[in-house]
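As a plain string of letters, each chain reads:
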Amino acid sequence: VIYWTVFAGCWFLLPVLQDFCDAGEFSVKNRVIKGIKVNAFIYLIVGFIGAIVLIVLAVKGDFEDTSVSGFIMAVSYCWGLGLIIILLGYGLVQVPKALWHAGRCSENLRYTQFRVAQLEEKLNTAKFDLDDIVKAVLVICKDPAASHSYSRETEILIAKCPLDVLNQYEGQSLSYIRRDVMEEIGG
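All of these numbers come straight from a predicted model, not from anything done at the bench.

**Focus: the overall build of the chain**
Logical step 1: Counting secondary structure elements, the chain contains eight helices and zero strands.
Logical step 2: Shown N-terminal to C-terminal, the secondary structure of the chain runs as helices and strands in the order α-α-α-α-α-α-α-α.
Logical step 3: Evaluated residue by residue, the chain yields a buried proportion of 16% over its 187 residues.
Logical step 4: Sequence separation of at least 24 residues holds for 49% of the intrachain contacts in the chain that already meet a minimum separation of 6.
Logical step 5: Counting every atom, the chain has about 14500 Å² of accessible surface; 69% of that belongs to carbon and sulfur.

Structure representation (structure tokens):
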């Protein structure tokens, strides 16, 4: 019982929860649906391959309860062993390599300075993108027709925006954000 519970959790629950965390939906229900949709394609492929194997077992005459569960266990073990081989093989090489590179201070300094320049460029790009998004959201808030259909979402987006970015747009009143939305997001 424990084996099959862990098996189901690793193959079905964990991937859905991973995609649930990555989903950009606003409600829990939509995030769960998004997680299931993302994994449905993989489940269909695995189910199709499993159905082909079951048909082959039935045609050969070896179709028994133990052969089906044995096949599922073998596939699970092969997947786990493959991951272990890949991850340990990478780790056996990468850990000593990382330790070797960590001992070279001058090269680490040059690399860090290079990364700082890259990250500063990404930061500036992200600031410009944020300004564009805030402008778009504020335009939607000003339009009564558009803001009515997405009022809750726009209020959440405005409430999550940094105040210094919002203060750049003088004359824009933020008093229309409801107190319950601010409390919900922790503002």
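**A word on the nonpolar core**
Nonpolar side chains in soluble globular proteins generally cluster together in the buried interior.
Logical step 1: Counting residues in each nonpolar core, the largest one holds nine residues, listed as V134, V137, L138, C141, I158, C161, V165, L166 and Y169.
Logical step 2: Mapped onto this core, the elements with two or more residues apiece are α4 (105–142) and α7 (163–166).

**A closer look at the side chain of D19**
Logical step 1: One can find D19 in helix α1 (residues 2–22).
Logical step 2: Setting aside chain neighbours within four positions, we find D19 in contact with G35, V38 and N39.

**Brief notes about helix α2 (residues 28–60)**
Logical step 1: Over its 33 residues, α2 extends 46 Å from the first C-alpha to the last, a length consistent with the 48 Å expected when each residue adds 1.5 Å.
Logical step 2: A40 marks where α2 bends most, by close to 35°.

**Thoughts on the packing of aromatic side chains**
Aromatic rings in a pair are described by how distant their centres are and how their planes are angled relative to each other.
Logical step 1: Here the structure, examined in full by the defined rule, presents one aromatic pair.
Logical step 2: For the ring pair F12 and Y43, a centre distance of 5.3 Å and an interplane angle of 55° mean the geometry is tilted. Placement of the pair is F12 in helix α1 and Y43 in helix α2, with a sequence separation of 31 residues.
Logical step 3: The class of F12 is partly exposed, set by a relative accessible area of 44%.
Logical step 4: Given the relative accessible area of 26%, Y43 is considered partly exposed.

**A word on the packing of α1 against α2**
Logical step 1: It is the contact of α1 with α2, at a shortest axis distance of 8 Å, that shows an interaxial angle of 125°. When the interaxial angle is binned, α1 and α2 end up oblique. α1 and α2 meet at a crossing whose hand is right-handed. Contacts from W11, F12, P15, V16, D19, F20 and C21 of α1 reach α2 at V28, R31, V32, G35, I36, V38, N39 and Y43.
Logical step 2: Considering only residue class, the contact of α1 with α2 consists of 11 nonpolar, two polar and two charged.

**Digging into the pattern of salt bridges**
Logical step 1: All told, the structure shown has one salt bridge when counted by the stated rule.
Logical step 2: Ionic pairing is found between R104 and E107, a salt bridge with its closest N-O pair at 3.0 Å.
Logical step 3: What makes R104 partly exposed here is its relative accessible area of 28%.

**Focus: the environment of R152**
Logical step 1: Mapped onto the elements of the fold, R152 is located in helix α6 (residues 151–160).
Logical step 2: Residue R152 is classed as partly exposed on the basis of its relative accessible area of 28%.
Logical step 3: In this structure the C-alpha to C-alpha distance between R152 and F26, which are 126 residues apart in sequence, comes to 9.7 Å.

**A word on the confidence of the model for the chain**
Logical step 1: Within the chain, residue pLDDT values average 78, and 83% of them lie at 70 or more.
Logical step 2: Element-level pLDDT for the chain is lowest in helix α8 (residues 179–184), with a mean of 50, against a maximum mean of 87 in α4.

**Here's the deal with the side chain of N39**
Logical step 1: Within the secondary structure, N39 is located in helix α2.
Logical step 2: Ignoring anything within four residues of it in the chain, the contact list for N39 reads P15, V16 and D19.

Conventions adopted
Residues numbered from 1 in each chain as written. Predicted model: local features only at pLDDT ≥ 70, side-chain atom pairs only at ≥ 80, totals over all residues. Heavy atoms only, no water. Helix = DSSP H or I, 4+ residues; strand = E, 2+ residues; numbered from the N terminus. Buried < 20%, exposed > 50% of the residue type's maximum accessible area, 1.4 Å probe, protein only. Contact = heavy atoms within 4.5 Å. Areas by Shrake-Rupley, 256 points an atom, 1.4 Å probe, with all protein chains shown as cover. Core = buried A, V, L, I, M, F, W, Y, C linked by side-chain atoms within 4.5 Å. Expected span 1.5 Å × (residues − 1). Bend = angle between axes of the 7 residues up to and from the residue. Phe/Tyr/Trp six-rings, centres within 6.5 Å; stacked < 30°, edge-to-face > 60°. Axes fitted to C-alpha atoms, helices over the stretch in contact; angles between N-to-C directions. Parallel < 35°, antiparallel > 145°, perpendicular 65-115°, else oblique. Left-handed = near helix turned anticlockwise from the far one by under 90°. Nonpolar A, V, L, I, M, F, W, Y, C, P; charged D, E, K, R; others polar. Salt bridge = Lys/Arg side-chain N within 4 Å of Asp/Glu carboxyl O. pLDDT = per-residue confidence, 0-100.

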